[in-house]
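Spelled out, the chains give:
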Amino acid sequence: TCGICVEKCPFDAIEIINLPQELTDEPIHRYGENAFALYGLPAPQEGRVTGILGPNGIGKTTAVRILADELTPNLGEYAAEVGWDEVLDEYRGTALQDYLEALVDDEVEVARKPQYVDQIPDQFDGTTRQLLERTDERGELNALVERVGIEPVVDQDIDTLSGGELQRVALVATLARDADFYFLDEITPYLDIGQRMTAARLIQELAEDGDRSMLVVEHDLAILDLLADALHVAYGEPGAFGVITDPKSTKNGINEYLKGYLDNENMRIRQEAIEFEQHAPRNVTRGDVAIEYPALTKSYGEGEFSLEVEAGEIKKSEVLGVVGPNGIGKSTFAQLLAGRLEPDEGEIDARLDIAYKPQYIEIDQPMRVDAFLSSITDDFGSSYWNTEIAQPLQLERVMEQNLTDLSGGERQRVAIAACLSKDADLYLLDEPSAHLDVEQRVLATSAIRRYAENHDATAMVIDHDIYMIDLLSDRLLVFDGEPAEHGHAATPQGMREGMNEFLANLDVTFRRDERTGRPRINKPGSNLDREQKQAGEYYYAP
Ligand code: ADP
Ligand code: ADP
């Protein structure tokens, strides 16, 4: 036996049909007795983008520390001295042999983008330019800065940048380096879809540019699908053990992951499949009207940003997806609804009680999670609260931790819980997907939906993960215009019309995977792309 799994996973995490090869072998690394063990490693490949798809806490960072020679793996022999020679013997004849040999000969330069870009200002004092200049090893810095659109902030102090700007600065700082192996841990948080696609393109170009290997962890599946040439799925029990599969094609890897069953490994990783509607859902007009608003305008002073809002109504117990680029006025509209800003023209009668989860979460008090949440709601700990909020958001494990010690994904789930625990008419969540893995996105989605239904409340969710918006929304509020100059909000509309309008603005069409019906971004200019644009069907099957 492997010591972790015998025949049935003792963690009840996965249903083992045939004991997978990985779990009968020794792990590549174990941190200590009864401590986390990692099975398998991703194999970076020259000239290619390799993706990793899996939950948080499953050993992705451990794997990368090994591939960056920051951690010498012990092959499970945590008490013994194991050197690279033994590891190399173990990996002879595998896809990793060449890479590991080069690593041991000190021939691998590694560049990595950190996962939590919000922490960059704590680690660096100075302007964007000062940070980036140190990384300009290929003479491509200016071109990269221009491609991602951060020229306007190059002379600003790092601590004045927004999350979306920090994410792009971190991406540029990594890609400007001259390395053999680039590791990018989540590229999409705080970026809008256009920016996500640009980031994906830049990573692909750098891989194609030479002998460089790119390894990317990403939870936005539409982007991962677009970006990766091959995919390792990671599964296991967070905190206990993780398995990294052999590489799969990106398409099969994502399909198997969504289905919850890994074909080659003969392994069920989830009881239920994650599924998407191929045809636009019928426009169900659920619930009474929660708020009706007239046409509104708002500008922030002469020559600054201005917003125009078409009249509309928001219904009770619906989830309204809010889509559009960054800097287009989504938060401004939310503040008009909340009565925190006065419109220049038009008037909102009803003053709604709004519970708000901001995009950048600042809950940094030295306080335990349970104390924090019980200070928000008297329902804390009730069986109802546990089923509706704590369980789907997987809070049990973090209840006794301090807010300051939480990881990005944990902090996000606590912030979503805090928002939903408030007594309000309208729950406004700005980018709840940030730093959540795919499982957590799906669970958070159903928690938000169920909450709105059961409470006759309305949820408005701003997000840039198209899969999440699809699974979450009853209707869509689409913003367009020129970011930072002027924005326009259409009246809330049905999913088909809304997706068509939103994706037409982006000039992006989606086809459907034949087997699973999952949406996939079309190559610009491909036959399908042209046909669908002509027919005006950007997302759903006609
Ligand atoms: P991921 O990047 O997938 O979130 P990590 O590789 O960071 O996962 O961590 C996987 C598990 O290994 C976690 O449960 C973590 O607590 C544990 N772990 C990480 N580093 C150490 C260490 N130095 N000693 C013991 N356990 C560790
Ligand atoms: P989004 O939520 O779509 O990213 P916002 O509503 O936050 O967009 O911002 C829209 C534009 O208005 C941005 O260019 C932003 O810099 C600007 N803006 C936001 N708040 C203010 C303010 N208080 N004063 C001046 N400009 C602002």
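Every value quoted in this text rests on a predicted model; they were computed, and no experiment measured them.

Novice: Can you help me understand the overall build of the protein in this one?
Specialist: The helix and strand tally for the protein stands at 19 helices and 25 strands. For 542 residues, the compact-globule formula gives about 24 Å, and the C-alpha radius of gyration of the protein, at 24 Å, lands near that figure. Every one of the 542 residues in the protein was classed for burial, and the buried ones make up 45%. Looking at the protein alone, contacts between residues at least 24 apart form 70% of all its contacts between residues at least 6 apart.

Novice: Is there a simple way to explain the site of ligand 1 in this structure?
Specialist: The environment of ligand 1 is made up of Tyr31, Ala35, Phe36, Asn56, Gly57, Ile58, Gly59, Lys60, Thr61, Thr62 and Gly239. Partitioned by chemical class, the residues of the shell around ligand 1 number four nonpolar, six polar and one charged.

Novice: In this structure, what is going on with the site of ligand 2? I would like to understand it.
Specialist: Looking at ligand 2, the residues that line it are Tyr300, Glu304, Phe305, Asn326, Gly327, Ile328, Gly329, Lys330, Ser331, Thr332 and Ala484. Class assignment of the residues belonging to the shell around ligand 2 gives a composition of four nonpolar, five polar and two charged.

Novice: Is there a simple way to explain the pairing of strand β22 (residues 486-489) in this structure?
Specialist: Both faces of the sheet carry side chains from a regular strand, because those side chains alternate between them. Covered by surrounding structure in β22 are Gly487 and Ala489 only, the residues His486 and His488 on the alternate face being uncovered. Pairing of strand β15 (residues 306-309) with β22 involves four bridges; the strand directions are parallel. Bridge assignment links serine 306 to a residue of β22, and that residue is histidine 486. Two elements, strand β21 (residues 475-482) and β22, share four bridges in a ladder whose sense is antiparallel. Bridged to phenylalanine 479 within β22 is alanine 489. Counting the residues that bridge the hairpin from β21 to β22 gives three residues, and of these alanine 484 lies at a positive phi of roughly 70°.

Novice: Sorry, what's going on with helix α2 (residues 60-67) here?
Specialist: Three or four residues apart is the spacing at which side chains of an α-helix point the same way, because the helix has 3.6 residues per turn. For α2, the tally of buried residues reaches six of eight residues, placing the bulk of the element in the interior. Directly beyond the C-terminal end of α2, a positive phi value near 60° is found at aspartate 69.

Novice: How should helix α11 (residues 250-259) be read in this particular structure?
Specialist: Of all 10 residues in α11, seven are buried; the element is thus mostly enclosed. Tucked into the core, α11 has its buried residues touching β4 (49-53), α10 (221-227), β8 (230-237), β10 (248-249) and β11 (261-262). Two residues or fewer after α11 comes glycine 260, characterised by a positive phi angle close to 85°.

Novice: Is there a simple way to think about the packing of helix α7 (residues 141-148) against helix α8 (residues 163-175) in this case?
Specialist: Packed helices, taken two at a time, are described by the angle their axes make and the gap between the axes. Running from amino to carboxyl end, α7 crosses α8 at an angle of 150°, the nearest separation of the two axes being 10 Å. Here α7 is positioned roughly antiparallel relative to α8, judged by the angle of their axes. Relative to α8, the crossing made by α7 is right-handed. Across from Leu144, Val145 and Val148 in α7, the residues of α8 making contact are Arg168, Leu171, Val172 and Leu175. Across the contact of α7 with α8, the residue classes break down as six nonpolar, no polar and one charged.

Procedures and definitions
- Residues numbered from 1 in each chain as written.
- Chains lettered and ligands numbered in written order.
- Predicted model: local features only at pLDDT ≥ 70, side-chain atom pairs only at ≥ 80, totals over all residues.
- Helix = DSSP H or I, 4+ residues; strand = E, 2+ residues; numbered from the N terminus.
- Rg over C-alpha atoms; globule rule 2.2 N^0.38 Å.
- Buried ≥ 20, exposed ≤ 12 C-beta atoms within 10 Å, placed from the backbone.
- Contact = placed C-beta atoms within 7 Å.
- Near = placed C-beta within 6 Å.
- Nonpolar A, V, L, I, M, F, W, Y, C, P; charged D, E, K, R; others polar.
- Pairing = 2+ DSSP bridges.
- Axes fitted to C-alpha atoms, helices over the stretch in contact; angles between N-to-C directions.
- Parallel < 35°, antiparallel > 145°, perpendicular 65-115°, else oblique.
- Left-handed = near helix turned anticlockwise from the far one by under 90°.

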